[in-house]
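Chain residues, written in single-letter form:
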Amino acid sequence: LAVVPTDPAGAFSLCDQAGMWRDFCRHDVNGEIAVVDLAQALAHCAAEQGGPLTRKSCWHGIGKYIARVDVGRAFAACQQVPSGLYRENCVHGLGWGAAEKGGIGFSMRCDQAGTEADSCRLGVAYNHRRFDQAASAVICEEVRRPDLRQQCQAFVRTGRLTGSPG
């Protein structure tokens, strides 16, 4: 992560040496890259490298890391992500990162994400589960899409993803 500001491409390639932590490294490093060079971070994700989890978490990192420093920029960045599952993952990351900074109350701003608002709510609930499981369950009740509401409730209850779509 320390190399990102001076050598983003080199930092990203170093993740290939991270062994079993490669996917997490790519998520984190690409998220940091997104803060300083969104175009490069989008290109990394668009390259479609790795399995489904690697590809989804790449987009998630963009939303999460930018939201930690500038929520408005994160909303704008996620709009540049291909619609569907990848944009949902970016917005989920945005909700997570914004909740790290602004707490569970950030869920009130998730409607700014438009059709991906439920993914934002999941991000907030998943992040906040570590601190207040009951409050996170309330956020899950606000999720409108039945499949995502069920996924949110299961995660808040168990701390594990079970039967998640995509």
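Everything below is about the structure shown above.
Source: prediction; values computed, not measured.

Rules behind the numbers
Residues numbered from 1 in each chain as written. Predicted model: local features only at pLDDT ≥ 70, side-chain atom pairs only at ≥ 80, totals over all residues. Heavy atoms only, no water. Buried < 20%, exposed > 50% of the residue type's maximum accessible area, 1.4 Å probe, protein only. Helix = DSSP H or I, 4+ residues; strand = E, 2+ residues; numbered from the N terminus. Arc of directions from axis to C-beta. Contact = heavy atoms within 4.5 Å. Polar contact = N/O pair within 3.5 Å; in protein donor to acceptor, adjacent residues only side chain to side chain. Salt bridge = Lys/Arg side-chain N within 4 Å of Asp/Glu carboxyl O. Disulfide = S-S within 2.5 Å. Axes fitted to C-alpha atoms, helices over the stretch in contact; angles between N-to-C directions. Parallel < 35°, antiparallel > 145°, perpendicular 65-115°, else oblique. Nonpolar A, V, L, I, M, F, W, Y, C, P; charged D, E, K, R; others polar. 1 Å grid on protein atoms, 1.4 Å probe; cavity = no way out; pocket = protein on both sides within 12 Å on 5 of 7 lines; lining within 4 Å. Points joined across faces, edges and corners; volume = space filled by probe spheres on them.

Q: What is the right way to look at helix H5 (residues 71-79) in this model?
A: An α-helical turn contains 3.6 residues, so a residue and the one three or four places further along point in the same direction. Taken as a whole, H5 has its buried residues at Val71, Ala74, Phe75, Ala77 and Cys78. Burial along H5 is one-sided: seen end-on, the buried residues are contained in an arc of 165°. In the core, the buried residues of H5 are packed alongside helix H3 (38-46), helix H4 (52-69) and helix H6 (85-102). In this structure Asp70 caps H5, since a side-chain oxygen of it lies 3.1 Å from the backbone nitrogen of Gly72.

Q: Please explain the pattern of salt bridges as it appears in this structure.
A: Side chains bearing opposite charge may pair, as long as their charged atoms lie close to each other. Summed over all chains, the structure comprises 6 salt bridges. Measuring nitrogen to oxygen at the nearest pair gives 3.0 Å for the salt bridge that ties Arg145 to Glu88. With Arg145 in the loop between helix H8 (133-141) and helix H9 (146-158) and Glu88 in helix H6, this residue pair connects regions lying 57 residues apart in the sequence. A residue is classified by how much of its surface remains accessible, and Arg145, at 30% relative accessible area, is partly exposed. A salt bridge links Arg145 to Asp147, with the nearest nitrogen and oxygen atoms 2.7 Å apart. Here the salt bridges share partners, and the residues they tie into one network are Asp111, Asp118, Arg121 and Arg144.

Q: How should I be thinking about the state of the cysteines in this particular structure?
A: By definition, a disulfide is the covalent link that joins the sulfur atoms of two cysteine residues. As enumerated under the stated definition, the model contains 4 disulfides in all. Between the sulfur of Cys45 and that of Cys58 lies a disulfide, 2.1 Å long from S to S. Across the S-S bond linking Cys45 and Cys58, the dihedral sits near -95°, which makes this disulfide left-handed. Here the residue Cys45 occupies a position in helix H3, and Cys58 occupies one in helix H4, the gap between them amounting to 13 residues. For Cys78, the disulfide goes to Cys90, at an S-S distance of 2.1 Å. What sets the handedness of the Cys78 and Cys90 disulfide is the S-S torsion sign, and at about -80° it is left-handed. Of this pair, Cys78 sits in helix H5 while Cys90 sits in helix H6; the two residues are 12 residues apart in sequence, bridging distant segments of the chain. Looking at Cys78, the relative accessible area reads 1%, which means it is buried.

Q: Help me understand the packing of helix H7 (residues 117-128) against H9, please; the structure alone is not making it clear to me.
A: One way to put it is that H7 packs onto H9 with a least axis distance of 10 Å and a crossing angle of 5°. With respect to their mutual orientation, H7 and H9 come out roughly parallel. Taken together, the residues of H9 that come into contact with H7 (itself represented by Asp118, Ser119, Leu122, Ala125 and Tyr126) are Leu148, Gln151, Cys152, Phe155 and Val156. Of the residues in the contact of H7 with H9, the class split is 7 nonpolar, 2 polar and 1 charged.

Q: I tried to follow empty space enclosed by the protein on my own but got confused; where do I start?
A: In this approach, a probe sized like a water molecule rolls over the atoms, and the result shows the empty space that is left. All told, the structure shown has 1 cavity of 30 Å³ or more when counted by the stated rule. Each pocket or cavity is described by its volume, and for the largest cavity that value is around 50 Å³. Surrounding the largest cavity, Arg26, His27, His44, Cys45, Glu48, Gln49, Thr54, Arg55 and Cys58 form its lining. Residue assignment for the lining of the largest cavity shows that the elements contributing at least two residues are helix H2 (22-36), H3 and H4.

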